[in-house]
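Spelled out, the chains give:
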Amino acid sequence: MTGAIDTILQGTLLGGLYALFAAGLSLIFGVMRLVNIAHGDLIVLAAYTAFLAVQLTGIDPLSSLIIVVPVMFVIGYALQRGLLNATLGRGILPPLLVTFGLSIIIQNALLQGFSADSRKLLLGPFETASIPLGPDLAIGWFPLLIFATAVVVIAALQALLHRTRIGRAFRAVSDDPETARLYGVDHRHLFAMAMGVALAVVSFAGVFLAIRTNFDPAIGPARLLFAFEAVIIGGLGSLWGTLAGGVILGIAQTVGAKIDPAWQLLAGHIAFLLVLIFRPRGLFPRAVD
Amino acid sequence: MTALLETQALEARYGDFQALFGIDLALQDGETVAIIGANGAGKSTLLRTICGLNAAAPEAVRHRGQAIGGAAPEAIVARGIALVPEGRRLFLSLTVEENLLMGAYAKRPGPWTLQRVYRLFPVLEERRRVSGIQLSGGQQQMVAIGRALMANPEILLCDELSLGLAPIIIRDVYAALPAIKAEGTAVVVVEQDINQALAVAGRVYCLMAGRVTLQGRPEELDRERIRAAYFGV
Ligand SMILES: Nc1ncnc2c1ncn2[C@@H]1O[C@H](COP(=O)(O)OP(=O)(O)O)[C@@H](O)[C@H]1O
Ligand SMILES: [Mg+2]
């Protein structure tokens with residue numbers, strides 16, 4: 001019994017990390033219908049940015065977010081304004097091809113700059129500290145921090161979308177970019193802001209990933225897959241749905257790993273396929289499309 | 001006297017297809033002008049070109065004498081030219097109030113505020129938290145008008161306000177025009193409904209196949225000439 005609770009709990013907390021992988025992807029798709037194939041590599045880029053910040057300044061990995069978040073925001077803004085905006089409004093293929101190319105470019109640039117060696121950010125004793133909940137049950141501080149961050153980040157994105165002027169404009173542009181322009185919305189600037197915000201969120205994903213596991217330039221595409229599955233499970237365009245999707249993916253993987261370590265990823269993909277079969281629009285689809 | 005808004009030899013194209021041929025049109029301060037014409041005559045294209053959604057030569061559109069043809073829509077609305085688009089085009093995932101607030105995105109100062117729009121259309125205040133899809137056609141049109149008013153335009157362009165509405169609802173929607181004109185706003189109404197257009201306008205232009213075929217004051221134009229200009233018979 002405790003074993004089952006433990007599995008669910010660890011899976012839920014892992015889901016927080018997947019939700020952080022996915023939130024930026026979900027926001028970008030929601031605002032501009034852009035599927036960013038380079039999303040996973042941007043997570044890895046954030047991890048290396050943190051790695052560099054730690055190397056250069058001696059700052060601890062969590063505090064490096066003070067540097068990584070603004071850097072990634074600026075990269076996101078520039079990337080959208082300088083490159084990705086030009087791919088929008090011409091059908092689904094151009095953004096897919098360009099972000100696919102971007103993915104390869106980021107991987108190779110990281111390989112050039114940092115070699116293929118795997119790295120890890122060290123946080124010290126906090127990484128393994130845990131709160132005992134019972135005889136065989138404990139909850140790690142660091143996984144808990146990741147999950148809490150995911151909840152706060154998603155609540156913040158939700159507030160941004162629904163309680164601010166720019167968030168209202170994000171939703172309006174998502175509904176009808178042409179009409180939004182009629183009332184003064186510069187969609188190119190707005191899309192760039194959305195990508196900036198998405199990559200600010202990616203910074204958290206990248207730093208937590210880098211503390212939690214080893215990383216190297218090639219691990220981006222697998223993170224993209226997890227993020228993509230979490231978004232689809234939750235329902236396109238729904239941020240709380242993305243959190244739920246991350247949690248379901250996390251639980252499925254943890255349960256799978258419990259049965260046989262080789263089954264971890266497979267169990268996640270099976271959960272994804274089951275949701276696609278029974279709820280093709282995901283669990284919490286947006287009311288309007 | 002420079003006109004408030006003027007087009008000179010305005011042309012518009014969609015690819016190889018030319019939709020407007022040498023349109024000359026003038027609008028004076030505070031005036032209400034109607035543009036009538038059959039489906040496909042180019043009325044919407046004319047309004048969209050003025051608003052910057054379709055390309056135009058700079059000199060082809062002038063606002064208070066300044067060439068604005070082909071400028072970005074964001075720049076045009078900031079100058080005080082706002083469109084109520086054909087088909088209303090509400091932001092469907094936004095509430096009524098959020099739709100209205102989007103109209104004020106450019107932050108142009110002027111008399112129109114949320115309160116003022118709600119006084120003009122009290123039913124919208126009751127339904128302010130409701131999404132656009134849950135409104136009736138008439139209420140949606142009121143939101144579309146209110147949203148354009150929130151931009152505090154000195155020129156309000158209305159594309160087929162009566163489209164798809166029952167006559168009694170059309171009357172309610174058009175009942176808002178006097179209050180809008182009382183602020184000194186010049187209005188251009190595009191209509192297929194000739195009677196509605198003649199009732200509100202000081203001057204009328206008739207468009208057929210991308211050309212102005214007739215213009216004048218409603219009282220100068222007899223029905224036969226309008227019919228000829230409208231249907232080309
Ligand atoms: N986006 C478009 N692409 C190609 N042709 C268009 C487009 N929009 C309108 N047209 C054509 O331009 C002409 C004028 O259309 P429009 O301005 O919508 O007429 P109206 O508003 O008077 O009904 C029509 O022949 C129409 O088929
Ligand atoms: Mg039309």
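Parameters at a glance
Here the residue numbers are simple positions, counted from 1 along each chain's written sequence. Chain labels run from A onward and ligand labels from 1 onward, assigned in the order the entries are written. A pLDDT threshold of at least 70 governs which residues receive local features in this predicted model, and a stricter bar of 80 or more applies before side-chain atom pairs are shown or counted, although totals over entire chains, interfaces and linings include all residues. Think of the side-chain values as coming from all heavy atoms in the structure, minus any hydrogens and water. In DSSP terms, a helix is any run of H or I states spanning at least four residues, a strand is any run of E spanning at least two, and both are numbered starting from the N terminus. Atoms considered for the radius of gyration are the C-alpha atoms alone. The globule rule reads 2.2 Å times the number of residues to the power 0.38. Throughout, a contact is declared for two residues whenever any of their heavy atoms are within 4.5 Å. Accessible surface is estimated by sampling points in the Shrake-Rupley manner with a 1.4 Å probe; for residues, cover comes only from the protein chains shown. For the purpose of counting charges, residues Lys and Arg are taken to be positive, whereas Asp and Glu are taken to be negative. His and the chain ends are not included. The location of each charge is read from NZ of Lys, CZ of Arg, CG of Asp or CD of Glu. Exposure is judged per residue with a 1.4 Å probe applied to protein chains only, and the accessible area is read against the type maximum: over 50% gives exposed, under 20% gives buried, and values in between give partly exposed. In this scheme, strands are said to pair when DSSP sees at least two bridges between them. In this analysis, axes come from line fits to C-alpha atoms, helices being fitted only over the stretch in contact, and the angle between any two N-to-C directions falls in the range 0 to 180 degrees. In plain words, nonpolar cores are sets of buried Ala, Val, Leu, Ile, Met, Phe, Trp, Tyr and Cys residues tied together by side-chain atoms within 4.5 Å. Summary of the metric used: pLDDT quantifies the predictor's per-residue confidence within the range 0 to 100. Think of the donor list as every N, O and S atom within 2.8 Å of the metal, or within 3.2 Å for Na, K and Ca; water never makes the list, so a site can look incomplete.

1. Digging into the overall build of chain B
- From N to C terminus, chain B includes 10 helices and 10 strands.
- Whereas a compact globule of 233 residues would reach a radius of gyration of roughly 17 Å, chain B reaches 17 Å, a difference of no more than 12%.
- Of all intrachain contacts in chain B linking residues separated by at least 6 positions in sequence, the fraction that spans at least 24 positions is 67%.
- A total of about 9,600 Å² of accessible surface is found on chain B, and carbon and sulfur atoms cover 51% of it.
- Computed over 24 positive and 24 negative side-chain charges, the inter-centroid distance for chain B is 3 Å.

2. What to know about the overall build of chain A
- Tallying secondary structure elements over chain A gives 11 helices and two strands in all.
- Along chain A, helices (α) and strands (β) appear in the sequence α-α-α-α-β-β-α-α-α-α-α-α-α when read from the amino end.
- Relative to the globule expectation of 19 Å for 289 residues, the C-alpha radius of gyration of chain A, 19 Å, shows essentially globular dimensions.
- Along the first, second and third principal axes, the C-alpha set of chain A runs to 65 × 50 × 35 Å.
- Taking all 289 residues of chain A together, 52% fall into the buried category.
- Of the contacts formed within chain A by residues at least 6 apart in sequence, a portion of 75% connects residues at least 24 apart.
- Total accessible area on chain A stands at roughly 12,300 Å², and carbon and sulfur atoms take up 70% of it.
- Charged side chains of chain A number 17 positive and 14 negative; the gap between the two group centres comes to 10 Å.

3. Topic: the sheet that holds strand β4 (residues 61-63) of chain B
Residue and element names in this part refer to chain B.
- Pairing is antiparallel in the open sheet, where four strands are placed in the order β2-β1-β4-β5. Edge positions in the open sheet fall to β2 (17-27) and β5 (66-67), since each of these has one partner strand only.
- Pairing of strand β1 (residues 5-14) with β4 involves three bridges; the strand directions are antiparallel. The residue bridging T7 from the neighbouring strand is V61, located in β4.
- Sheet contacts for helix α1 (residues 43-50): β1 and β2; angle to β1, the most-contacted strand, approximately 115°.

4. Some remarks on the sheet that holds strand β7 (residues 155-159) of chain B
All names here are of chain B.
- Here we have six strands laid out as an open sheet, ordered β6-β7-β8-β3-β9-β10, and mixed in their pairing. Looking at which strands have only one partner, the edges of the open sheet turn out to be β6 (81-84) and β10 (211-216). In this sheet, neighbouring strand axes are inclined to one another by 20° on average, regardless of whether the strands run parallel or antiparallel.
- Pairing of strand β9 (residues 203-208) with β10, which is carried by five bridges, proceeds in the antiparallel orientation. Across the sheet, the residue bridging to L207 is V212, located in β10.
- Relative to β7, α1 is tilted by about 150°, and along the sheet it contacts β3 (32-36), β6, β7, β8 (186-191) and β9.
- Strands in contact with helix α6 (residues 137-149) are β6 and β7; relative to β6, the strand with the most contacts, it is inclined by about 170°.

5. A few points about the nonpolar core
- Counting residues in each nonpolar core, the largest one holds 84 residues, and the members touching the most others are F21, L42, L157 and V185 of chain A together with M102 of chain B.
- Counting residues per element, this core draws most heavily on helix α8 (residues 187-212) of chain A, at 16 residues.
- Sequence-distant contacts of V185 of chain A, defined by excluding residues within four places in its chain, comprise A169, V173, A180 and L190 of chain A together with E74, M102 and Y105 of chain B.
- Grouped together as the second largest cluster of nonpolar side chains are 81 residues, L53, Y118, L161 and L221 of chain B included.

6. Observations regarding the confidence of the model for chain A
- Residues at a pLDDT of 70 or more form 99% of chain A, whose mean pLDDT is 94.
- Mean pLDDT per element in chain A: strand β1 (residues 130-134) of chain A is the minimum at 89, and helix α3 (residues 65-82) of chain A is the maximum at 98.

7. Side note on the coordination of the magnesium ion (ligand 2)
All names here are of chain B.
- Protein-derived coordination of the magnesium ion (ligand 2) comes from S44 (OG) and E86 (OE), at a distance range of 2.0 to 2.6 Å. Residue S44 is located in helix α1, and its partner E86 is located in the loop between β6 and α3 (96-103); the two are separated by 42 residues in the primary sequence.
- Judged by relative accessible area, which is 16%, S44 ranks as buried.

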